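Coordinate analysis (summary)
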Amino acid sequence: MRFQKCVDTVFAAFGYIVLTVAVISLWVYGVELKGLPVIVPGIGLGLGTALAIWLYTLMGKAERFFAANDPEKYFRRIMLIGAAVLLLFEILTAVFCEIEKLNDLRYVKTAAENLLMKGPDYLHEGLPERHSEYFYVYPNNHTILIMIYWMDKLEYTLTGAVRGVVPIVFNIIGMNLSYILACKSARLIYSPEKAAVCCIRGLMFTPLISYAAIYYTDTLAMPWLTAAVYLYLKQRALPDDDKCRYLLLAGSAVSLGIAFRIKTTPVIFLIAVVIDMLIRRRPVKKLLTELAALLCCFAVTAFLISTVTQSILRLDRKKLEECRFPPVHWVMMSSDGIGNYNVDDFMYTKSFKGYDAKVKADIDRLGEKLSEQGVLGMTLHFLNKAAYTWRDAAYMAGYYMTGFFRGPIWHGLSFLFNFTLLITIQQRFNEAACTDAKASSKSFVLRLCFVGIAIFLLLWEARSRYLISFFILYALI
């Protein structure tokens with residue numbers, strides 16, 4: 001447990017960096033990009049911070065109240081009422097708010113309708129010219145395409161038309177299941193009064209409402225990742241000699257394999273689980289058996305899904321190997337500026353034929369960018385990138401949703417709730433660093449995930465919405 005204690009101490013310091021970057025970048029954003037007087041964003045941030053601290057204190061009082069008044073009852077009631085309230089607001093969002101299907105969401109939705117109405121030969125019809133080979137370039141979007149295709153097919157079978165209602169229904173169901181599983185996960189690792197507060201915190205994660213009609217990888221991967229976390233925590237709570245542990249571990253790996261095929265980032269949880277398993281002192285044979293079960297079930301699931309999607313899409317394998325982008329492309333593309341999507345870097349990689357040629361070209365361009373910026377330049381780049389990722393408390397909701405979700409009221413509420421969650425997470429990091437390692441070991445895997453996704457987004461393409469599928473971390477840490 002000494003390793004965990006050292007890591008938790010480092011995590012506590014890391015959390016303060018994330019908090020500081022989030023706050024300062026919002027102030028700079030208001031002054032430099034929005035043209036506000038220096039005093040205005042300062043007052044806004046000060047007021048928001050004070051309210052966030054007040055909310056955090058209020059949740060502490062609620063926890064003490066629950067502890068003194070049948071906490072198990074309050075936990076169950078808050079979980080059920082929370083799920084019902086969440087469902088109501090999600091339905092209202094889906095019915096009354098307009099969504100703009102932009103970029104990847106539009107491409108995948110268009111391709112799904114092409115696949116349903118015309119067949120795989122017309123997959124890229126209607127896509128922009130630069131994306132005429134989109135699903136050869138981005139095989140990571142094959143699974144989400146098939147999922148939307150199946151949902152559209154169900155809607156077409158039932159109604160004779162495709163209006164995009166069924167994907168929204170599945171999206172809402174998935175997010176509600178995520179909320180319930182997060183609440184149940186909280187009960188596995190915390191006392192009932194603390195778990196009841198986790199249920200309240202879960203409702204403060206605003207994408208659960210604003211993304212109700214945005215059925216892309218971020219939300220459709222969420223329930224699978226949350227289920228993987230729940231099953232892993234459940235097996236971790238069982239005695240070492242309980243044979244059900246292997247079944248739960250396999251279920252966690254299968255669910256994680258599905259999440260991974262929808263969106264790449266859930267693999268961070270797999271890495272966190274492996275680390276968590278390695279630092280616990282158990283017989284080597286048992287450890288190796290569990291690791292083998294975990295990794296094999298994950299690999300087999302991911303392979304089977306890939307095989308099924310390719311058989312449905314019938315993409316030319318030779319062309320797929322020639323066109324697909326290597327992982328180093330996203331590292332290269334995000335290694336300057338604010339680390340977001342760059343069309344020039346996209347066209348650069350696309351211009352090379354063959355996978356190996358793309359790898360070499362991207363590594364060369366990455367080296368050039370690193371040399372040009374130097375150590376100081378890269379340090380500033382990482383700060384800019386972290387600021388771009390963490391300052392958007394609305395998680396890009398206004399990019400896809402029109403009206404209310406682009407207004408100051410929603411952004412103000414989002415900042416208040418998001419900052420309250422970040423303060424709570426920081427306090428959990430502090431508590432873990434100051435308490436006995438064994439007492440905080442159940443939630444260690446979650447803290448690993450949080451820092452893992454933060455580091456990943458420093459190296460990968462930066463988007464605040466990439467944090468959405470990790471909703472469970474905001475509710476539980």
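That block above? That's the structure.
All of the points below concern the structure found in this document.

Scoring rules and cut-offs
Residues numbered from 1 in each chain as written. Predicted model: local features only at pLDDT ≥ 70, side-chain atom pairs only at ≥ 80, totals over all residues. Heavy atoms only, no water. Helix = DSSP H or I, 4+ residues; strand = E, 2+ residues; numbered from the N terminus. Rg over C-alpha atoms; globule rule 2.2 N^0.38 Å. Buried < 20%, exposed > 50% of the residue type's maximum accessible area, 1.4 Å probe, protein only. Contact = heavy atoms within 4.5 Å. Areas by Shrake-Rupley, 256 points an atom, 1.4 Å probe, with all protein chains shown as cover. Lys, Arg positive; Asp, Glu negative; His and termini not counted. Charge placed at Lys NZ, Arg CZ, Asp CG, Glu CD. Expected span 1.5 Å × (residues − 1). Polar contact = N/O pair within 3.5 Å; in protein donor to acceptor, adjacent residues only side chain to side chain. Salt bridge = Lys/Arg side-chain N within 4 Å of Asp/Glu carboxyl O. Axes fitted to C-alpha atoms, helices over the stretch in contact; angles between N-to-C directions. Parallel < 35°, antiparallel > 145°, perpendicular 65-115°, else oblique. Nonpolar A, V, L, I, M, F, W, Y, C, P; charged D, E, K, R; others polar. Phe/Tyr/Trp six-rings, centres within 6.5 Å; stacked < 30°, edge-to-face > 60°. Core = buried A, V, L, I, M, F, W, Y, C linked by side-chain atoms within 4.5 Å. Patch = residues over 30% accessible without salt bridge, like charges linked within 9 Å, V, L, I, M, F, W, Y side chains within 5 Å.

**So, the overall build of the protein chain**
Looking only at helices and strands, one finds 22 helices and 0 strands in the protein chain. Here the C-alpha atoms of the protein chain give a radius of gyration of 23 Å, agreeing with the 23 Å that 2.2 N^0.38 yields for 477 residues. With the C-alpha coordinates of the protein chain rotated into their principal frame, the extents come out at 65 × 60 × 50 Å. For the protein chain, with 477 residues in total, the buried portion stands at 54%. Sequence-distant contacts, at least 24 apart, represent 79% of the contacts inside the protein chain between residues at least 6 apart. Carbon and sulfur atoms provide 67% of the accessible area of the protein chain, an area that totals close to 21,100 Å². Averaging the positions of the 50 positive and the 38 negative side-chain charges in the protein chain gives two centres separated by 7 Å.

**Regarding the side chain of Ser-469**
With respect to the element layout, Ser-469 can be found in the loop between α21 (444-459) and α22 (471-476). The residues contacting Ser-469, other than those within four sequence positions of it, are Asp-218, Ala-221, Met-222, Leu-225, Lys-263 and Thr-265.

**Things to note about helix α13 (residues 267-279)**
For α13, spanning 13 residues, the distance from its first C-alpha to its last is 19 Å, which sits close to the expected 18 Å at 1.5 Å a residue. Buried within α13 we find Ile-268, Phe-269, Leu-270, Ala-272, Val-273, Asp-276, Met-277 and Ile-279.

**Observations concerning unusual backbone geometry**
As a rule of thumb, non-glycine residues mostly have phi less than zero, and peptide bonds are mostly trans rather than cis. Despite not being glycine, Asp-70 has its phi angle at roughly 50°, a positive value. By the secondary structure assignment, Asp-70 is in the loop between α2 (39-68) and α3 (71-96).

**So, the environment of Tyr-211**
Relative to the helices and strands, Tyr-211 is located in the loop between α9 (207-210) and α10 (217-220). The buried category is assigned to Tyr-211, whose relative accessible area is 1%. Separated by 184 residues in the primary sequence, Tyr-211 and Tyr-395 have C-alpha atoms spaced 9.3 Å apart. When near neighbours in sequence (up to four residues on either side) are disregarded, Tyr-211 contacts Asn-171, Met-175, Thr-219, Ala-394, Tyr-395, Met-396, Ala-397, Tyr-400, Arg-465 and Ile-468. In terms of polar contacts, Tyr-211 uses its side chain to reach the backbone carbonyl oxygen of Tyr-395, at 2.5 Å.

**Concerning the pattern of salt bridges**
Summed over the entire model, instances satisfying the criterion amount to 18 salt bridges. Between Glu-63 and Lys-194 there is a salt bridge whose closest N-O contact spans 3.4 Å. You can see Glu-63 sitting in helix α2 and its partner Lys-194 sitting in helix α8 (residues 192-203), a full 131 residues away along the chain. The shortest N-O distance in the salt bridge between Arg-463 and Glu-461 comes to 3.4 Å. Salt bridges here are not isolated pairs; linked through shared partners, they connect Asp-336, Asp-345, Arg-365 and Lys-369.

**Quick word on the packing of helix α11 (residues 222-237) against α13**
At a minimum axis separation of 11 Å, α11 and α13 run at an interaxial angle of 10°. Taken together, the axes of α11 and α13 lie roughly parallel to each other. Residues Leu-225, Ala-228, Val-229, Tyr-232 and Arg-236 of α11 form the contact with α13, whose participating residues are Phe-269, Val-273, Asp-276 and Met-277. Across the contact of α11 with α13, the residue classes tally to 7 nonpolar, no polar and 2 charged.

**Observations concerning the packing of aromatic side chains**
For the structure on display, the rule yields 30 aromatic pairs. Ring plane angle 65° and centroid distance 6.4 Å describe the contact between Tyr-211 and Tyr-400, whose orientation is recorded as edge-to-face. Taken as a pair, Tyr-211 in the loop between α9 and α10 and Tyr-400 in helix α19 (residues 397-400) lie far apart in primary sequence, 189 residues in all. On the basis of relative accessibility, which here comes to 5%, the residue Tyr-400 falls in the buried class.

**With respect to the nonpolar core**
Counting 143 residues, the largest nonpolar core has Phe-269, Trp-390, Tyr-474 and Leu-476 as its most contacted members. The leading source of residues in this core is α21, at 11 residues. Setting aside chain neighbours within four positions, we find Tyr-474 in contact with Arg-201, Phe-205, Trp-390, Tyr-395, Asn-418, Leu-421, Leu-422, Ile-425 and Leu-467. Val-328, Met-332, Ala-361 and Leu-366 belong to the second largest nonpolar core, which has 5 residues in total.

**A closer look at a nonpolar patch on the surface**
Nonpolar side chains collect at one region of the surface, where Ile-81, Val-85, Leu-87, Leu-88, Phe-89, Ile-91, Leu-92, Val-95 and Phe-96 lie side by side and expose about 840 Å² of accessible area between them. Following the sequence through the fold, Val-85 ends up in helix α3. A relative accessible area of 35% places Val-85 in the partly exposed class.

**So, the environment of Lys-234**
Mapped onto the elements, Lys-234 comes out in helix α11. Residue classification places Lys-234 among the partly exposed residues on the basis of a relative accessible area of 33%. Apart from residues no more than four positions distant in its own chain, Lys-234 is found in contact with Leu-188 and Leu-248.

**Focus: helix α4 (residues 103-117)**
In this model α4 runs 21 Å from its N-terminal to its C-terminal C-alpha over 15 residues, within 8% of the 21 Å that 1.5 Å per residue would give. Against α5 (134-137), α6 (142-159), α7 (165-189), α14 (284-313) and α19 lie the buried residues of α4. Phi for Gly-119, located one or two positions after α4, is positive at around 105°.

Purely geometric stuff here, so don't read any function into it on its own.
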